[in-house]
Amino acid sequence: YNSCDDDEGDSDDAYSQSYDGWEQFLNSGWCNSDLDKEICDGDSWSTCSLSHCIDSCTSTYGETTNVEYHCDSDHGCWCYCQSSCDCMEAVGDSSTWAPTGTLTIPESCTAEPTAEPTITASQSYEGWEPFYDAGWCHSDLDEEICDGGSWSTCSLSHCIDSCTSAYGETTNVEYHCDSDHGCWCYCQSSCDCMEAVGDSSTWAPTGTLTIPESCPFSYSYSYSYNYNYNYATGG
């Protein structure tokens, strides 16, 4: 942010501001979104006020769902319009405002994935059931949706929705998260045998999948961060 000469007490005056029908998430950070349009940055609270911020965002960008608005004694006040809230940036150093009751603050964008099953097992998808640590189904499809992302960008719902909409032949998905590799998702069209038993998980429409045996060592495959295996050749 650009520095500016602020009147002493600017930040206190800024924090006393309010906007009817909107609520503040103080020091929560700002919502990462595709919009991210600047209204003002580095100004005094009188020229970059909360009402100016919200009015400008909502009148100029109809897709605005929340705004970043914050002031401090070093940088003055700043405002950016946001269209969604995928994860939080600059936690502790900025604040977000949104229409009352419309926003639940998500995880930090830089948060390290916590260990499975906290992430993998805490998620659910209506009509689908998990097979934790069963491995992933070997099939001809094996299309990647995401690999190594945080749970907020590579979620179970994103995985299943993407697979079923992009690949009509999808019968199950590999979806798993761990603290070393983040979360990953692959679309599968059948379940000939199981790869990576104990190191990945499979989801399928409830009652449609019976987990088969582990695959013979002659299969070559890749999963999560492009780890390659070929048991027949040993590398």
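The rules behind these values
- Residues numbered from 1 in each chain as written.
- Predicted model: local features only at pLDDT ≥ 70, side-chain atom pairs only at ≥ 80, totals over all residues.
- Heavy atoms only, no water.
- Helix = DSSP H or I, 4+ residues; strand = E, 2+ residues; numbered from the N terminus.
- Buried < 20%, exposed > 50% of the residue type's maximum accessible area, 1.4 Å probe, protein only.
- Contact = heavy atoms within 4.5 Å.
- Areas by Shrake-Rupley, 256 points an atom, 1.4 Å probe, with all protein chains shown as cover.
- Phe/Tyr/Trp six-rings, centres within 6.5 Å; stacked < 30°, edge-to-face > 60°.
- Arc of directions from axis to C-beta.

Undergrad: Looking at this structure, how should I read the overall build of the protein?
TA: Assigned secondary structure in the protein consists of three helices and 16 strands. The buried share of the protein, reckoned over its 235 residues, is 44%. Look at the contacts in the protein between residues 6 or more apart in sequence, and 69% of them connect residues 24 or more apart. Working note: accessible area of the protein is about 11,400 Å², and carbon and sulfur atoms make up 44% of it.

Undergrad: Sorry, what's going on with the packing of aromatic side chains here?
TA: Between two aromatic rings, the relevant description is the distance of the centres plus the angle of the planes. Evaluated as defined, the whole model comprises three aromatic pairs. For the ring pair Tyr132 and Trp203, a centre distance of 6.2 Å and an interplane angle of 85° mean the geometry is edge-to-face. Separated by 71 residues along the polypeptide, Tyr132 in the loop between strand S8 (128-131) and strand S9 (136-137) and Trp203 in strand S14 (residues 202-205) bring together distant segments of the chain. By relative accessible area, Tyr132 is classed as partly exposed at 35%. Accessibility expressed as a relative area gives 1% for Trp203, which makes it buried.

Undergrad: I tried to follow helix H2 (residues 50-60) on my own but got confused; where do I start?
TA: Helical geometry note: an α-helix holds 3.6 residues per turn, so side chains three or four residues apart project in the same direction. Along H2, the positions that sit buried rather than exposed are Leu50, Cys53, Ile54, Ser56 and Cys57. For H2, the arc enclosing every buried residue in end-on projection is 165°, short of the 170-degree limit, so these residues lie on one face. Those residues of H2 that are exposed and angled more than 90 degrees off the buried face are Ser59 and Thr60.

Undergrad: Explain the environment of Cys183 here, please?
TA: Relative to the helices and strands, Cys183 is located in strand S12 (residues 182-188). Remark: the alpha-carbon pair of Cys183 and Gly149, spanning 34 residues in sequence, is separated by 5.3 Å.

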